[in-house]
Amino acid sequence: MSRRNLDASSLPSIIQGGMGIGVSSWRLARAVAQRGEIGVVSGTSIDSVVVRELQDGDPYDRRRVLETYPDDDIVEHLLDRFYKPEGRAEHEPYDLLPIHQFTPRVKSQRILAAATYTEVRMAKQGHDGLVGLNLLAKLKRYSLPCLYGAMLADVDFAFIGAGIPLEEAKQIPKLAAGEPASLRLDVDTSQVDEPDGPYTYDFDPADLLDDPPTLDAPAFFPIISSDALARIMDAKLPDEHVDGWVVEGPVAGGHNAPPRNKQYAEDDTPIYDEKDVADLDRIHGLGKPFYLAGGYGSPEGLQFANDVGATGIQVGSLFSLTDESGYPEDTTRRLIRGIHAGEVSVDTDGRVSPTGFPFKVLTLSGTLADDEKYQRRARICDLGYLREPYVDEKGRLLGRCPSEPVDDYVRKGGDAEKTEDRGCLCNALMANIGLPQYRDGAPELPLFTGGDALMNLPLGSITKPHYDAADVLDYLYGDTPALAGCCA
Ligand SMILES: Cc1cc2nc3c(=O)[nH]c(=O)nc-3n(C[C@H](O)[C@H](O)[C@H](O)COP(=O)(O)O)c2cc1C
């Protein structure tokens, strides 16, 4: 195994942040990497994205890339089982993958690795630029197969946030050496007197490939919200395990770290204070490159980053509405128009995400952000990405999600209070990218996210509700002036 050679002094100054599910698509990451910055694809639910695209007739010719994947049998299975040359009939429900278990089937791991491989390879096609993979530490079941598939596709960076990716840092070199890797699971064992733990999620490259090759390990950048976290990781890990940091504050799109003071307003909005501001001097003092994320998507933000010794900025919200993002064209247009017309705002919702992390919600009508639409959705959990592990009274390691039907959650030993006001992000985020499940002929509804930065959107307008990744980069470089006011 060799570590990717990182020359910290020549790192790009802009990371296009990873945005799941499928918002930071391979098309977006490729467009950004082609311009010499870092493009990032999302590993979150990528297996479901791929099997839905195959059922829709494979609009991006992913099969061509799948055919270069070294695990032939799983490619054949994916094509036989899911590819529909003519696509689905209108409103026909998608066939689903079995839910990836905490004690996983090797087949689920093989599918996930293959899917991630295609996403990274497609992002890397046609240029020599840098491409990263984004994962959420909280979703332990998926990280190892995703990382491995991405590494087979020669991914340059791994960015892992939403949790403390200490263990992941140690597993990356093992995967690169073709060795088995495992992650400890944080399991609710309250239903058994003598739990059988510690519980782990295990992954062995030899289950995928006869003779796992030696691979380059990607540079690893944890996404952290505080200098304390950086210092803990720095102290606990051998120096070569972490290559740098992305420091993300609470105005960023997607999930945010919970407020450190644990205070929430009555409507469940988290109340952040100065404790939530990372001490950048301390992070700088650790001696590694770092990027600032969350409200830095402007020429001034980039300048500020340089002034405090950061390598640059990670930007998500502006990129999420580009022509290359995973959102369908009519969605980005609706969002851009709605934002410029002042009809969409950004709420930080402390309840809706089953992860328990605050989640930024765009208040677009017709989505689950409408209380009436939210109330009308019958709870169902058929994708299961956000399930948490628990051990049942028979000692079995299983999963449950606070957004699943309340009776099921309680039957599984969960606390009913935890289910209140939760939304099914799995199905909503698949709907966001135009891949909604259909139930009785009706699609699952979307729920969009974006950071506070969108409230002063410097690109697009009501009359020209679109822009592309190059426009974002030109704006960040200071080459195009921002629109005056919001409503040009
Ligand atoms: C639509 C959207 C989805 C996101 N999803 C993820 C994600 O899956 N994982 C992650 O680490 N960050 C996610 N983020 C955060 C971005 O990667 C990035 O750090 C953040 O958007 C930067 O701040 P900004 O929103 O002010 O640009 C998401 C952001 C947006 C706008």
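Residues numbered from 1 in each chain as written. Predicted model: local features only at pLDDT ≥ 70, side-chain atom pairs only at ≥ 80, totals over all residues. Heavy atoms only, no water.

Trainee: Break down the packing of helix α4 (residues 72-82) against helix α5 (residues 106-124) for me, with residues and values.
Mentor: Where α4 contacts α5, the two axes come as close as 10 Å, and the packing angle between them is 85°. Between α4 and α5, the angle falls in the class roughly perpendicular. Every residue of α5 that contacts α4 at Asp-73, Ile-74, His-77 and Leu-78 is listed here: Lys-107, Arg-110, Ile-111 and Ala-114. Taken together, the residues of the contact of α4 with α5 sort by class into four nonpolar, one polar and three charged. (Axes fitted to C-alpha atoms, helices over the stretch in contact; angles between N-to-C directions. Helix = DSSP H or I, 4+ residues; strand = E, 2+ residues; numbered from the N terminus. Parallel < 35°, antiparallel > 145°, perpendicular 65-115°, else oblique. Contact = heavy atoms within 4.5 Å. Nonpolar A, V, L, I, M, F, W, Y, C, P; charged D, E, K, R; others polar.)

Trainee: Tell me what's going on with the environment of Tyr-296, and back it up with residues and numbers.
Mentor: By the element assignment, Tyr-296 lies in the loop between β11 (290-293) and α10 (299-307). On a C-alpha basis, the gap between Tyr-296 and Arg-88 in space is 41 Å, while along the polypeptide they are 208 residues apart. Other than its neighbours up to four places away in sequence, Tyr-296 contacts Gly-301, Leu-302, Phe-304 and Ile-313.

Trainee: Tell me what's going on with the packing of helix α2 (residues 46-55) against α5, and back it up with residues and numbers.
Mentor: For the pair α2 and α5, interaxial distance at closest approach is 8 Å and the crossing angle is 75°. Taken together, the axes of α2 and α5 lie roughly perpendicular to each other. Facing Ile-46, Asp-47 and Val-50 of α2, the residues of α5 in contact are Ile-111, Leu-112, Ala-115, Thr-116, Thr-118 and Glu-119. Of the residues that constitute the contact of α2 with α5, the class distribution is five nonpolar, two polar and two charged.

Trainee: How would you summarise the nonpolar core if you had to cite specific residues and measurements?
Mentor: By size, the foremost hydrophobic cluster in this structure holds 130 residues, and its most contacted members are Tyr-69, Trp-245, Val-247, Phe-319 and Leu-321. Beyond its immediate chain neighbours, meaning those up to four positions away, Tyr-69 contacts Ile-74, Val-75, Arg-110, Ala-113, Ala-114, Tyr-117, Leu-152 and Leu-208. Core analysis: the second largest hydrophobic core is formed by twelve residues, Ile-15, Ile-38, Phe-159 and Tyr-291 among them. (Core = buried A, V, L, I, M, F, W, Y, C linked by side-chain atoms within 4.5 Å. Buried < 20%, exposed > 50% of the residue type's maximum accessible area, 1.4 Å probe, protein only.)

Trainee: Just give me the short version of the packing of aromatic side chains, but keep the residues and values in it.
Mentor: Taken as a whole and judged by the stated rule, the model has ten aromatic pairs. With centroids separated by 5.3 Å and ring planes inclined at 85°, the aromatic side chains of Tyr-327 and Phe-448 adopt a geometry described as edge-to-face. Taken as a pair, Tyr-327 in the loop between α11 (317-320) and α12 (329-340) and Phe-448 in the loop between β18 (442-443) and α16 (469-477) lie far apart in primary sequence, 121 residues in all. Residue classification places Phe-448 among the buried residues on the basis of a relative accessible area of 3%. An aromatic cluster of at least three residues, connected via ring pairs, comprises Phe-157, Phe-159, Phe-221 and Tyr-291. The cationic tip of Arg-27 hangs over the ring face of Tyr-60; the distance from NZ or CZ to the ring centre is 4.2 Å. Its end group placed over the ring of Tyr-409, Arg-400 keeps NZ or CZ at 5.5 Å from the ring centre. (Phe/Tyr/Trp six-rings, centres within 6.5 Å; stacked < 30°, edge-to-face > 60°. Lys NZ or Arg CZ within 6 Å of the ring centre and 35° of its normal.)

Trainee: Break down unusual backbone geometry for me, with residues and values.
Mentor: For the peptide bond that leads from Gly-20 to Ile-21, omega is -5°, which places it in the cis range. Among the structural elements, Ile-21 can be located in the loop between β2 (14-16) and α1 (26-34). In this chain, Gly-197 is followed by Pro-198 through a cis amide linkage whose omega measures 0°. Structurally, Pro-198 is set in the loop between β6 (181-184) and β7 (200-203). Of note in the backbone geometry, Asp-58 takes a positive phi value of approximately 60° without being a glycine.

Trainee: Go over the pairing of strand β4 (residues 130-136), please, and point to the residues and values.
Mentor: Burial within β4 is extensive, with five of its seven residues counted as buried. Judged from the five bridges that link them, strand β3 (residues 38-42) and β4 form a sheet pairing that is parallel. Across the sheet, residue Ser-42 finds its bridge partner in β4, namely Asn-134. Across five bridges, the pairing between β4 and strand β5 (residues 157-161) is parallel. Across the sheet, the residue bridging to Leu-135 is Ile-160, located in β5. For the crossover from β4 across helix α6 (residues 140-152) to β5, the handedness is right-handed. (Pairing = 2+ DSSP bridges. Right-handed = clockwise from strand over helix to strand, strands pointing away.)

Trainee: With reference to specific residues and values, describe the site of the ligand.
Mentor: The immediate surroundings of the ligand are formed by 21 residues, with Glu-248, Gly-295, Gln-314, Gly-316 and Ser-317 found nearest. Between the ligand and the protein, one listed contact pairs a nitrogen atom with a side-chain N or O atom of Asn-134 at 2.8 Å. Between Glu-248 and the ligand, the recorded distance is 2.5 Å, taken from a side-chain N or O atom to an oxygen atom. In isolation the ligand exposes 600 Å². Once the protein is present, 95% of that is buried. For the shell around the ligand, the elements supplying multiple residues, two or more each, are β4 and β12 (312-315). Residues that form the shell around the ligand fall into these classes: seven nonpolar, 13 polar and one charged. (Near = heavy atom within 4 Å. Polar contact = N/O pair within 3.5 Å; in protein donor to acceptor, adjacent residues only side chain to side chain. Areas by Shrake-Rupley, 256 points an atom, 1.4 Å probe, with all protein chains shown as cover.)

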